[in-house]
Number of protein chains: 6
Amino acid sequence: MNDDRPQPRKPFRRLLLTGAAGNLGRQLRGPLAAWADVVRVSDIAPLGEVAAHEEASIVDLADRAAVHALLEGVDAVVHLGGISVEAPFDDLLQSNILGLYNVYSAAQKQGVKRIVYASSNHAVGFHPVTEVLGIDAPLRPDCLYGVSKCFGEALSRYYFDRFGLETVCLRIGSSFEAPKNPRMLVTFLSYRDFIELVRCSLFTNRVGHAIVYGVSDNRVKWVDNTKAAFLGFRPQDSSIEFEAMFPVGAPTADLDDPAQSFQGGPFVLAGPME
Amino acid sequence: MNDDRPQPRKPFRRLLLTGAAGNLGRQLRGPLAAWADVVRVSDIAPLGEVAAHEEASIVDLADRAAVHALLEGVDAVVHLGGISVEAPFDDLLQSNILGLYNVYSAAQKQGVKRIVYASSNHAVGFHPVTEVLGIDAPLRPDCLYGVSKCFGEALSRYYFDRFGLETVCLRIGSSFEAPKNPRMLVTFLSYRDFIELVRCSLFTNRVGHAIVYGVSDNRVKWVDNTKAAFLGFRPQDSSIEFEAMFPVGAPTADLDDPAQSFQGGPFVLAGPME
Amino acid sequence: MNDDRPQPRKPFRRLLLTGAAGNLGRQLRGPLAAWADVVRVSDIAPLGEVAAHEEASIVDLADRAAVHALLEGVDAVVHLGGISVEAPFDDLLQSNILGLYNVYSAAQKQGVKRIVYASSNHAVGFHPVTEVLGIDAPLRPDCLYGVSKCFGEALSRYYFDRFGLETVCLRIGSSFEAPKNPRMLVTFLSYRDFIELVRCSLFTNRVGHAIVYGVSDNRVKWVDNTKAAFLGFRPQDSSIEFEAMFPVGAPTADLDDPAQSFQGGPFVLAGPME
Amino acid sequence: MNDDRPQPRKPFRRLLLTGAAGNLGRQLRGPLAAWADVVRVSDIAPLGEVAAHEEASIVDLADRAAVHALLEGVDAVVHLGGISVEAPFDDLLQSNILGLYNVYSAAQKQGVKRIVYASSNHAVGFHPVTEVLGIDAPLRPDCLYGVSKCFGEALSRYYFDRFGLETVCLRIGSSFEAPKNPRMLVTFLSYRDFIELVRCSLFTNRVGHAIVYGVSDNRVKWVDNTKAAFLGFRPQDSSIEFEAMFPVGAPTADLDDPAQSFQGGPFVLAGPME
Amino acid sequence: MNDDRPQPRKPFRRLLLTGAAGNLGRQLRGPLAAWADVVRVSDIAPLGEVAAHEEASIVDLADRAAVHALLEGVDAVVHLGGISVEAPFDDLLQSNILGLYNVYSAAQKQGVKRIVYASSNHAVGFHPVTEVLGIDAPLRPDCLYGVSKCFGEALSRYYFDRFGLETVCLRIGSSFEAPKNPRMLVTFLSYRDFIELVRCSLFTNRVGHAIVYGVSDNRVKWVDNTKAAFLGFRPQDSSIEFEAMFPVGAPTADLDDPAQSFQGGPFVLAGPME
Amino acid sequence: MNDDRPQPRKPFRRLLLTGAAGNLGRQLRGPLAAWADVVRVSDIAPLGEVAAHEEASIVDLADRAAVHALLEGVDAVVHLGGISVEAPFDDLLQSNILGLYNVYSAAQKQGVKRIVYASSNHAVGFHPVTEVLGIDAPLRPDCLYGVSKCFGEALSRYYFDRFGLETVCLRIGSSFEAPKNPRMLVTFLSYRDFIELVRCSLFTNRVGHAIVYGVSDNRVKWVDNTKAAFLGFRPQDSSIEFEAMFPVGAPTADLDDPAQSFQGGPFVLAGPME
């Protein structure tokens, strides 16, 4: 190949970030600049200002041809795209099921080596709050959105077993500036820890098909990443600093309230939507 | 209550059988007559002669309104409908994903109590042939069809956890008159054992969300139903009587042939189709 | 030692059977005759006709001195005594807790080598009917009677770890001539199998502190004795022959009925009594 | 509702502390003041000075009527009462078995929501010192006192499964100002950590029936609370600061000394007492 | 290739049987005739009459050059050679350690595809007789001979992971015409079942590196082959027919007798020899 | 006993350090001075300057008589001797197999109480880098050297079960001044942590037959010492401080490179040597 360009100074030549206009996507655009010569950002929503090292692309994930074009020349993908809350099934079908298939089908065709996939703790949210889940806990989706994430974990497993396309499934908890309610004291993932988790997922030499919980080092734990320690993710933050925001009362009386009894919290009652 | 109608003589008032025109559906129409006053049979293909106790209905599972009508007045469902081999994703999306959602959504609305769901051993077919899988083995789909079955197991789990709608997921092996190749000596499920498995799944008083492998009592075993013994399924048949059909040679040399190394056999190489 | 007596012709010199006047005790008096030169039988109720090889003793297990006398010169004990249904706590306290302590305390003092202890499936009856329990399943007593059996399993464990006094805890299901209701099709233990289970428990050379479920080879299984296979218990009978007594209907609708949902059946609602 | 009373300023309206005159009870009376408007303290021994927010009550736990009166109007209980060392069985029977039943029976009748129950590491003390126990380790009581704690764990499990009355079983190690011997370097629980453990047990929104080891963050560990991390207990102290008190010699030679070989230490030889 | 020879009529072209002059080797020479065109038999002892289809070879396994010659042109090996009882370490070192390395090293060089390796239950004989071992039980050799079998299992694992050379490790119990003592009622493997086990090990299409216990379907079980069911081994015989040879007495009193307490029986006291 | 000698001021009377001239042996000679009155050091290579408290001895471990002399009067052994890299089998046979037998045989005869044995992570190096191994992970040696360490773990287990001779098997990773390549960032064990691990192994009162991984508190973890926490080993160092030495690039493409895929790294391709 006749390639006059100077060799890349950064680890990746081109990374793709989908869902780049969303809450978490916006957190990643900065850090990605240090990891790849070119960062291709995509979303169905406007992407704002585009930096010199970025390629921006408005894409509907359900549009197969567009997705195949989007994956061209990409080394690895951070796939945050699609719907991340409970939604009518037909919407999830388009973005999280068909859309995800389009991403994997295109990635395999284009020779992409790895996808960091935003799964969710809602894939296992119907486990009770009195258990601590390992990464091999049985799937217990707590809403149709959670079911769509179970689909994604199964699809990506298949692409790894069949084609060697590696995936890290991030079962992200609640990643915001700060917890918004007492439950989020348990599921909180700081932005800094989120970015570190993505970094580990991209740079660990081998990941196979991995599952890891995306939570900070909070005091109360419903999940246990021991078996994912090969990723080297060590959260730096904790929701402990936010505990005073939610003064603790006596436990509420109603043992039969699913939103209090299951890890998914209010999501367990959110669906299905019409 | 003043109810002048004669009481039903059979355990179920109305059972729905989807996929009734298929290979396994045809095996069940006879036995179902003994279990329900009315058997509603449906398929996208012609259903043949309709018996007096049957209600026949040609339905595309992707047609939500038609599926909701189909589920009206039904006590329980044996859901064999949809695609049961590797197929292009867009076809699986319609029949096995959207179609299945339509079935569960309608069942929940109509107050159906239980669904016997034809899952498949292809949901776990990427496990090697040198392991014996319990019902809690991690999902390892071996093709996109298998991925669609993983979706179904997750969706039905959700409907049980959320609404108490019970499901037995039958991970059916190879159910034919006789095994067609050496691999099927391991995965063989006789028609008689298949019918018994459906009977157990319908009549066991409580099933919750259960998973069970559909195999006869074959000599070689890749799966172990110990943890599903509460269903009371005891296969009566075995592929041993067919072993002479496939004279055994020395093991083939190629350890790298996935079709020989994984439980899914040739399915592991079948997909994805375009 | 100068011992002119003829050597015993039977394996044991003296066996003690407590609860000998009860339903299961009566089944054992015959077989025990073949296993020991002397069979000491005791109960709080009348013991009927006493055979030549028997020593009969009316004993209240809560009477420590009487129990110590009862254990004198005994090689091994089959302890069926005490209450075997839900009862007011104060009654259980006397017969199943204090009474059991008296038996173990006396046995240890008298150098008894082994006790076959009638525990109960009600020690684990709050597990759901959709699980299959190994012998290491967590304790889930379904009534105060079940709690008293958990006490007995812990007490006997202590006497083994501390003094080497061996115990086999028989978690007996429903041992009658025939099942009395549909649930007993699952928990049925024929008299013949019960006797065989006691025989295995007495004659296996080493048992340590063992737990084993007392059920026949019924079609539906809630328990799994694989880890107790060193006892050599192989049931010969099955409730299958009684299945026709209880015609199966469609599953009942009420998922919230504990008596249908848990292995303990109606026991889960029986206690506590006043 | 027309309720003129000022709303309580503290999370609990009324907490009951049993065993309040004992070593650990005395540690808790101060902290409880901050958690409840009224703290009812009870013991069989004199309770010392009674604070303004306290209600004091001398109660023998074996006195059922007195215990029922004691539980009236109580939100939650910290139950430290009863005997906490090896003792004659008849004493344990009164205080730790009958007494505990009285507490649970009364709590259920009075609508108490939660009990924090002082179990003990002596419920599992016959495990060897070369194992690390999870909260699901099999029961191995090392003395009759330990057997009485096994009874308590089973009884409280029953009340949770049957009535939804929640319990946290604290398997407390050695909670003193400082370790008193080398073994206590492993089992040490500082007073501060003990208080924090009770706090977590009272304030975690849902606990179900939980088991947790009460040990500080000591260097050597025989127990592992990973599966109880939903309680949020993070010890702040460690016996490391006391290690110099017990200069380490070469390991002693006698592998057959039970007091050196089992986690229960000298307790394994303490019982049974007459 | 110009190969005028008629194609082989039997599954294997050439099988090697080592230890062919031993007790079990002699049982196999007949059956092997049906499985291979040529059966190469070897031993350090005289091999008796040599059949037309046999190639006989007196080889000391410690003689590397001789072993490499022995493996030439072989498809698969049944390796029964070496010492099969407790022996001085220096003897085991030559035949079971150096000798085994020679076999594997030569097999790998010669392109042999599979070795059926006579391991032993003495690799796990220091487990107590009150446990039932799966094929993944931790190694607990009960003598130096057992240690040499642990070496063999590790060495063969390495050759599989490194070179794909498959091995089935047969943990053979007591294979004789009939049990010789009460312990052998548990460990008995009939000659017919032994031959069937070797047949399964040779003919199963893929075995990877497998471990399986060689015992008949005896009444008492210390081992459980569930996880090896992919081999299709179903014993036809049982020691039940021999039970009358060993009248059962009361259990012997001495819990501290290792020969009674551990699965290895008298082997646990046999070594080390000088 | 009439013993005029002053009592030893140090915990051990005489410790033996084999392999004292090697990389790790040299690290230990200093610390051992504080733990024993006499430190006997041995190697096959020159031992350098001998301190006043040391006894030096040049010994070939394959020389049985010399090894028996070496073990005389020893309380405990730190056995680092033998070969610690891949080597021709005949060399490993002499030093790591025969040599190790000589050490254990002599230790048992001389009444030595404990051996700290340098096993290796290469005993389990054929596990993939995407797993986290507990101390009970199945053996997966990655080279013949690793196989010799499996032999050592089995041999030492036997000596513990048979004679009560305790061993701690240290599965040492990469113990150097600093990591030498990216893989060693995971397997790094600082000298300080190595010394602490030996200290814990010698001074813990009971160790039975223990296995523990020798790694510092590195960011990426392939192993988990939770079940060995009874040893009290808490690493103080981490390879994090060395991470900058090995700038991370994008993951390499070749999933089929065993040296990248397995925990053993390049060792998996090193053997067998001729």
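Here, residues in each chain are numbered from 1, in the same order as that chain's written sequence. Think of it this way: whatever chain is written first is A, whatever ligand is written first is 1, and the rest follow in order. Thresholds applied to this predicted model are a pLDDT of at least 70 for local features of residues and 80 or more for the giving and counting of side-chain atom pairs; totals over whole chains, interfaces and linings are not thresholded and use all residues. For the side-chain quantities, the full set of heavy atoms in the structure was used; hydrogens and water were omitted.

Taking an unreviewed UniProt entry as the reference, chain A is identified by name as NAD(P)-dependent oxidoreductase belonging to Trinickia terrae. UniProt positions are given in the numbering used here, feature names are shortened, and annotations may be inferred rather than shown by experiment. Turning to chain A, the UniProt annotation filed under Sequence similarities (unreviewed entry) states: "Belongs to the NAD(P)-dependent epimerase/dehydratase family."

S.K.: Give a detailed account of the arrangement of the chains, specifying residues and quantitative values.
M.R.: The least C-alpha distance between chain A and chain E, which are not in contact, is 18 Å. The least C-alpha distance between chain B and chain F, which are not in contact, is 12 Å. Contacts are residue-level and defined by heavy atoms, with any inter-residue pair within 4.5 Å sufficient.

S.K.: Give a description of the nonpolar core that names residues and reports values.
M.R.: For our purposes a nonpolar core is just a set of buried Ala, Val, Leu, Ile, Met, Phe, Trp, Tyr and Cys residues, chained together by side-chain atoms within 4.5 Å. Working definition: with a 1.4 Å probe on protein chains only, accessible area under 20% of the residue-type maximum means buried, over 50% means exposed, and in between means partly exposed. Counting residues in hydrophobic clusters, the biggest one holds 533 residues, and the most contacted among them are Leu 202 of chain A, Leu 202 of chain B, Leu 202 of chain C, Leu 202 of chain D, Leu 202 of chain E together with Leu 202 of chain F. Aside from chain neighbours lying at most four places away, what touches Leu 202 of chain E is Pro 251 of chain B together with Phe 12, Leu 15, Leu 32, Trp 35, Ala 76, Val 78, Arg 114 and Val 116 of chain E.

S.K.: Please give an account of the interface of chain E and chain C that cites residues and values.
M.R.: The parts lose accessible area when they come together, and the size of an interface is often stated as this lost area. Taken together, the contact between chain E and chain C spans 22 residues of the former and 24 residues of the latter. What gets called buried area is simply the loss in accessible area from a 1.4 Å probe that two parts show on being joined, summed for both. When the area that chain E buries against chain C is broken down by residue, the three leading residues are Arg 219, Pro 251 and Leu 255 of chain E, summing to 32%. Think of a salt bridge as a Lys or Arg side-chain nitrogen and an Asp or Glu carboxyl oxygen that are within 4 Å of each other. At the junction of chain E and chain C, the tally comes to one salt bridge. For the salt bridge of Arg 234 of chain C with Asp 217 of chain E, the shortest nitrogen-to-oxygen distance reads 2.7 Å. Of the residues contributing to the side of chain E that touches chain C, the split by class is 10 nonpolar, six polar and six charged. When residue character is reported, Ala, Val, Leu, Ile, Met, Phe, Trp, Tyr, Cys and Pro are called nonpolar, Asp, Glu, Lys and Arg charged, and the others, Gly included, polar.

S.K.: With reference to specific residues and values, describe the sheet that holds strand β1 (residues 12-18) of chain F.
M.R.: Residues and elements named next belong to chain F. By this definition, two strands are paired if DSSP reports at least two bridges between them. The secondary structure listing takes helices from DSSP runs of H or I that are at least 4 residues long and strands from runs of E that are at least 2 residues long, numbered from the N terminus. Ordered by their spatial adjacency, seven strands build an open sheet running β3-β2-β1-β4-β5-β6-β7, and the pairing between neighbours is parallel. In the strand order of this sheet, the two ends are held by β3 (54-58) and β7 (209-214), each with one partner. Taken over all neighbouring pairs, the strand axes of this sheet differ in orientation by 20° on average, direction set aside. Note that strand β4 (residues 76-79) and strand β5 (residues 114-120) share four bridges and pair parallel. Within the sheet, the bridge partner assigned to Val 78 lies in β5 and is Val 116. Throughout, an axis means a line fitted to C-alpha atoms (over the contacting stretch in the case of helices), and angles, computed between N-to-C directions, take values from 0 to 180 degrees. In the packing of helix α4 (residues 144-163) onto the sheet, contacts are made with β5, β6 (166-172) and β7, and the angle to β5 comes to roughly 155°.

S.K.: Which residues make up the UniProt feature "domain: NAD-dependent epimerase/dehydratase" (unreviewed entry) in chain A, and what values go with them?
M.R.: The residues that UniProt annotates with the feature "domain: NAD-dependent epimerase/dehydratase" (unreviewed entry) are residues 16-174 of chain A. Span residues 16-174 of chain A is 40% helix and 21% strand, its end C-alpha atoms 23 Å apart.

S.K.: I'd like a rundown of the relation of the copies chain E and chain C, residues and numbers included.
M.R.: Think of it as a corkscrew move, a rotation about one axis and a shift along it, taking one chain copy to the other. Superposition of chain E onto chain C requires a rotation of 120° combined with a translation of 0.0 Å along the rotation axis, giving an RMSD of 0.0 Å. A rotation of that kind, with that shift, is consistent with a three-fold axis. If distances are taken from each C-alpha of chain E to the rotation axis, the shortest is found for Thr 226 of chain E, at 5.8 Å. Here the copies are matched by least squares. The fit uses the C-alpha atoms of residues with pLDDT of at least 70 in both.

S.K.: Kindly report on the environment of Glu 274 of chain D, identifying the contributing residues and their values.
M.R.: Counting through the fold element by element, Glu 274 of chain D comes out in the segment after α7 (258-261). Along the chain, Glu 274 of chain D and Arg 199 of chain D lie 75 residues apart, while their C-alpha atoms are 38 Å from each other. Once residues lying within four places of it in the same chain are set aside, the contact partners of Glu 274 of chain D are Lys 109 of chain C together with Pro 88 of chain D.

S.K.: Quick rundown of helix α6 (residues 191-203) of chain E? Include the residues and the values.
M.R.: Between the first and last residue of a helix there are one fewer steps than residues, each counted as 1.5 Å, and that sum is the expected span. Under the 1.5 Å per step criterion, the end-to-end length of α6 of chain E is 18 Å for 13 residues, consistent within 8% with the ideal 18 Å. On its buried side, α6 of chain E packs onto β1 (12-18), α1 (23-35), β4 (76-79), β5 (114-120), β6 (166-172) and β7 (209-214) of chain E.

S.K.: Could you give an account of the state of the cysteines, naming the residues involved and the relevant values?
M.R.: All names here are of chain D. Count a disulfide wherever a pair of cysteine sulfur atoms falls within 2.5 Å. All told, the structure shown has zero disulfides over all chains when counted by the stated rule. Looking at the unpaired Cys 150, the closest cysteine sulfur is the one in Cys 143, lying at 9.3 Å. Note on Cys 150: relative accessible area 3%, which makes it buried. As a non-bridged cysteine, Cys 169 has Cys 150 as the owner of its nearest cysteine sulfur, 10 Å distant.

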